[in-house]
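# Structure at a glance
As a plain string of letters, each chain reads:
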Amino acid sequence: MKNSRKRIAAIIVSVVAVIAIVSGSLAWYTSTNSLQQSGKLYGFKSSARVYFKQSDGSDLTATPDEDGLYKLSLNSNAKNYVGNLRINVVQKGYSKNYTRVKLNVEWVMPDGTVAQNITLPYKFASKWFDNRSEDYCVYYTENSGLSNDYDKSIITGFDEESFIKNSLVQNATPRISVSVESVQVNRYQQFWGIDKLPWE
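A brief structural summary. From a predicted model like this one, the values you see are computed outputs, not experimental measurements.

Structurally, the position occupied by asparagine 88 is in strand β4 (residues 85-93). Only 3.3 Å separates the side chain of asparagine 88 from the backbone nitrogen of serine 153, close enough to count as a polar contact.

Below, the structure written as structure tokens:
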């Protein structure tokens, strides 16, 4: 009798374990598959083009370092001067979407220590909302999303006066990471983890 109970208990435990494994596998497969399909259904792809505007009007393509960050210079005569930085949002295809650009800045001090996200005083193009004080992002505010094959600079200038007055350590080396995130209009809460859009 005891052996029968042990066998029944062992069978029940085994069945529960199999169900748990199968359910977990199916959940993983479904979510992964859904994300892949959603990506195809979006019909658009967004990215950033990072460059430095030179004094002669030409554009110098910025090259990220081994960490994926762009090194900036505090020397106003340098080609990669912080005030020369420009970022274009490039979108191919079209779908109603919201787009944001995340700008994380780190300041590497001479002793190797790092200070994070001291905001740089960039001026942004119209329809772009500067929310960097909250989440380091700049948001495109058009409900309809970016138009087909959009390729425009989001930075229009740099506030030199406010930058000079900023209490920065002049020997620090700033580096910036740039990432573009686009989602369909009905998915921003899910993917960005926010309840409402910052400019609303």
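Another point: the pattern of salt bridges. As enumerated under the stated definition, the model contains eight salt bridges in all. Residue aspartate 67 pairs with arginine 175 through a salt bridge whose shortest N-O separation is 3.2 Å. Of this pair, aspartate 67 sits in the loop between β2 (59-61) and β3 (70-71) while arginine 175 sits in strand β12 (residues 173-184), placing them 108 residues apart in sequence. Among the ionic pairs, glutamate 142 bridges to lysine 127, the shortest N-O distance being 3.2 Å. Within this pair, whereas glutamate 142 is found in the loop between β9 (137-140) and β10 (150-153), its partner lysine 127 is found in the loop between β7 (122-124) and β8 (128-131), the two being separated by 15 residues in sequence. Glutamate 142 gets classed as partly exposed once you look at its relative accessible area, which sits at 26%. What you see here is one network of salt bridges that share partners, running through Asp65, Asp67, Glu106 and Arg175.

All right, on to the nonpolar core then. Residues Val82, Leu120, Tyr122 and Trp128 are the most contacted members of the largest nonpolar core, which totals 32 residues. Those elements giving two or more residues to this core turn out to be β1 (44-53), β4, β5 (97-108), β7, β9, β11 (155-158) and β12. Of the residues forming this core, the biggest block, four residues, is contributed by β5. Look past the residues within four positions of tyrosine 122 in its chain and what remains in contact with it is Leu72, Val82, Leu85, Arg132, Ile155, Gly157 and Phe158. Grouped together as the second largest cluster of nonpolar side chains are eight residues, Tyr98, Cys137, Val183 and Ile194 included.

Next up on the list: the sheet that holds β10. Backbone-to-backbone hydrogen bonds pair the strands of a sheet. The strands run either parallel or antiparallel. Read from one edge to the other, the open sheet built from four strands follows the order β2-β1-β4-β10, with strand pairing classed as antiparallel. Looking at strand neighbours, the two that pair on one side only are β2 and β10, the edges of this open sheet. Looking at each pair of strands side by side, their axes are set apart by 35° on average, direction ignored. For β4 and β10, the ladder comprises four bridges, and the chain directions are antiparallel. Bridge pairing in β10 places asparagine 88 opposite serine 153.

About the thresholds
- Sequence order as written defines residue numbering, which begins from 1 separately in each chain.
- Restriction of local features to residues with pLDDT of at least 70 applies here, the model being predicted, together with a cutoff of 80 or more for giving and counting side-chain atom pairs; totals for whole chains, interfaces and linings are based on all residues.
- With hydrogens and water set aside, each side-chain value is computed from the structure's full complement of heavy atoms.
- Helix and strand labels come from DSSP, where a helix needs a run of H or I of at least four residues and a strand needs a run of E of at least two; each type is numbered from the N terminus.
- Pairs of N or O atoms are called polar contacts if they sit within 3.5 Å, as long as, within protein, a hydrogen donor faces a hydrogen acceptor (for residues adjacent in sequence, only side-chain-to-side-chain pairs).
- When a carboxyl oxygen of Asp or Glu lies within 4 Å of a side-chain nitrogen of Lys or Arg, that pair is called a salt bridge.
- Think of it in three bands: with a 1.4 Å probe and only protein chains considered, a residue is buried below 20% of the maximum accessible area for its type, exposed above 50%, and partly exposed in between.
- In plain words, nonpolar cores are sets of buried Ala, Val, Leu, Ile, Met, Phe, Trp, Tyr and Cys residues tied together by side-chain atoms within 4.5 Å.
- Any two residues whose heavy atoms approach within 4.5 Å are treated as being in contact.
- Strand pairing follows a simple DSSP-based rule, namely that at least 2 bridges must link the two strands.
- All axes are obtained by fitting lines to C-alpha atoms, using only the stretch in contact for helices, and the reported angles, taken between N-to-C directions, cover 0 to 180 degrees.

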